[in-house]
Amino acid sequence: YALVLSCDPLRVFIFYEGLARICTEKYEAPKASNLAISYMHLTNYAVNKHNEHFTQNSGGEDAEAASKWNLAQLAEYVNSQGHNWGSVWESMQQLIVKSLISVQPILRNNYRSVLPPDNDGFSCFEILGYDIMLDE
């Protein structure tokens, strides 16, 4: 999650925790024979909770089989697979920051058009949830 506190100047805080949603069917590249299998192509909870393979995360020893993890759990898993979570996390932060930088001029103009000229830039905030797909 990202908290945009101001858009002029741009001030963003990125929360270190979040959710990782796991598809309930093994992913295969889209083709005519699997396009209708939404459990394979979407990680959305509202979709996957209806699949017979959906597993609620109740913690404990079965947590790795769950269909939804917290980011700390994902970090532990990524590291256990021989990858560097710090590097993954850095890339995710860069994606968030760069996406916000790309829209900052538009946000600034939109806010300036509705706020008084003497506004200090801290009249509102946005909490954004980012969906980032990780693959091998």
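Cut-offs and rules
- Residues numbered from 1 in each chain as written.
- Predicted model: local features only at pLDDT ≥ 70, side-chain atom pairs only at ≥ 80, totals over all residues.
- Heavy atoms only, no water.
- Helix = DSSP H or I, 4+ residues; strand = E, 2+ residues; numbered from the N terminus.
- Rg over C-alpha atoms; globule rule 2.2 N^0.38 Å.
- Buried < 20%, exposed > 50% of the residue type's maximum accessible area, 1.4 Å probe, protein only.
- Contact = heavy atoms within 4.5 Å.
- Lys, Arg positive; Asp, Glu negative; His and termini not counted.
- Charge placed at Lys NZ, Arg CZ, Asp CG, Glu CD.
- Axes fitted to C-alpha atoms, helices over the stretch in contact; angles between N-to-C directions.
- Parallel < 35°, antiparallel > 145°, perpendicular 65-115°, else oblique.
- Core = buried A, V, L, I, M, F, W, Y, C linked by side-chain atoms within 4.5 Å.
- Patch = residues over 30% accessible without salt bridge, like charges linked within 9 Å, V, L, I, M, F, W, Y side chains within 5 Å.
- Areas by Shrake-Rupley, 256 points an atom, 1.4 Å probe, with all protein chains shown as cover.
- Salt bridge = Lys/Arg side-chain N within 4 Å of Asp/Glu carboxyl O.

What am I meant to see in the overall build of the chain here?
Along the backbone of the chain there are 4 helices and 5 strands. For the chain, the sequential pattern of α-helices and β-strands runs β-β-β-α-α-β-α-α-β. A globule of 136 residues ought to have a C-alpha radius of gyration of about 14 Å, yet the chain, at 19 Å, is considerably larger. Expressed along its principal axes, the backbone C-alpha trace of the chain runs to roughly 55 × 35 × 25 Å. Every one of the 136 residues in the chain was classed for burial, and the buried ones make up 21%. Taking the contacts inside the chain whose residues are at least 6 apart along the sequence as the reference set, 51% of them involve residues at least 24 apart. The centroid of the 9 positive side-chain charges in the chain is displaced by 8 Å from the centroid of its 16 negative side-chain charges.

Sorry, what's going on with the packing of helix H3 (residues 71–80) against helix H4 (residues 85–114) here?
When two helices pack together, you describe them by how their axes are tilted relative to each other and by the distance separating the axes. Running from N to C, H3 and H4 point in directions that differ by 130 degrees, and their axes come no closer than 9 Å. Overall, the two elements H3 and H4 adopt an arrangement that is oblique. The residues of H4 that touch H3, namely those facing Leu 71, Leu 74, Ala 75, Val 78 and Asn 79, are Trp 85, Val 88 and Trp 89.

So what exactly am I meant to see when it comes to the nonpolar core here?
Among the nonpolar cores identified, the biggest contains 10 residues, and these are Ala 20, Ala 66, Trp 69, Leu 71, Leu 74, Ala 75, Val 78, Trp 85, Trp 89 and Met 92. Residue assignment for this core shows that the elements contributing at least two residues are H3 and H4. No other element matches the 4 residues that H3 contributes to this core. Those residues in contact with Trp 89, other than ones at most four positions away along the chain, are Ile 14, Phe 15, Tyr 16 and Leu 71.

Sorry if this is basic, but what is going on with a nonpolar patch on the surface here?
The grouping of Tyr 1, Phe 15, Leu 19, Phe 125 and Ile 127 at the surface amounts to a nonpolar patch, some 580 Å² of accessible area in total. Looking at where Phe 15 falls in the secondary structure, it is placed in the loop between strand E2 (10–14) and strand E3 (19–21).

Looking at this structure, I do not really get the side chain of Gln 104. What am I missing?
Checked against the element boundaries, Gln 104 lands in helix H4. Every residue in contact with Gln 104, bar those within four places of it in the chain, is listed here: Cys 7, Asp 8 and Leu 10.

I'm lost on the pattern of salt bridges in this one. Help?
If the charged atoms of two oppositely charged side chains come close together, the side chains can form a pair. According to the stated counting rule, one finds 3 salt bridges in the structure shown. Residue Asp 131 is joined to Arg 21 by a salt bridge in which the shortest nitrogen-to-oxygen separation is 3.3 Å. One end of the pair, Asp 131, is in the segment after strand E5 (126–128); the other, Arg 21, is in strand E3, and 110 residues separate them in sequence. Among the residues examined, Arg 21 registers a relative accessible area of 33% and is labelled partly exposed. Among the salt bridges present, the one from Glu 28 reaches Lys 31, with a minimum N-O distance of 3.7 Å. What makes Glu 28 partly exposed here is its relative accessible area of 37%. The partly exposed category is assigned to Lys 31, whose relative accessible area is 43%.

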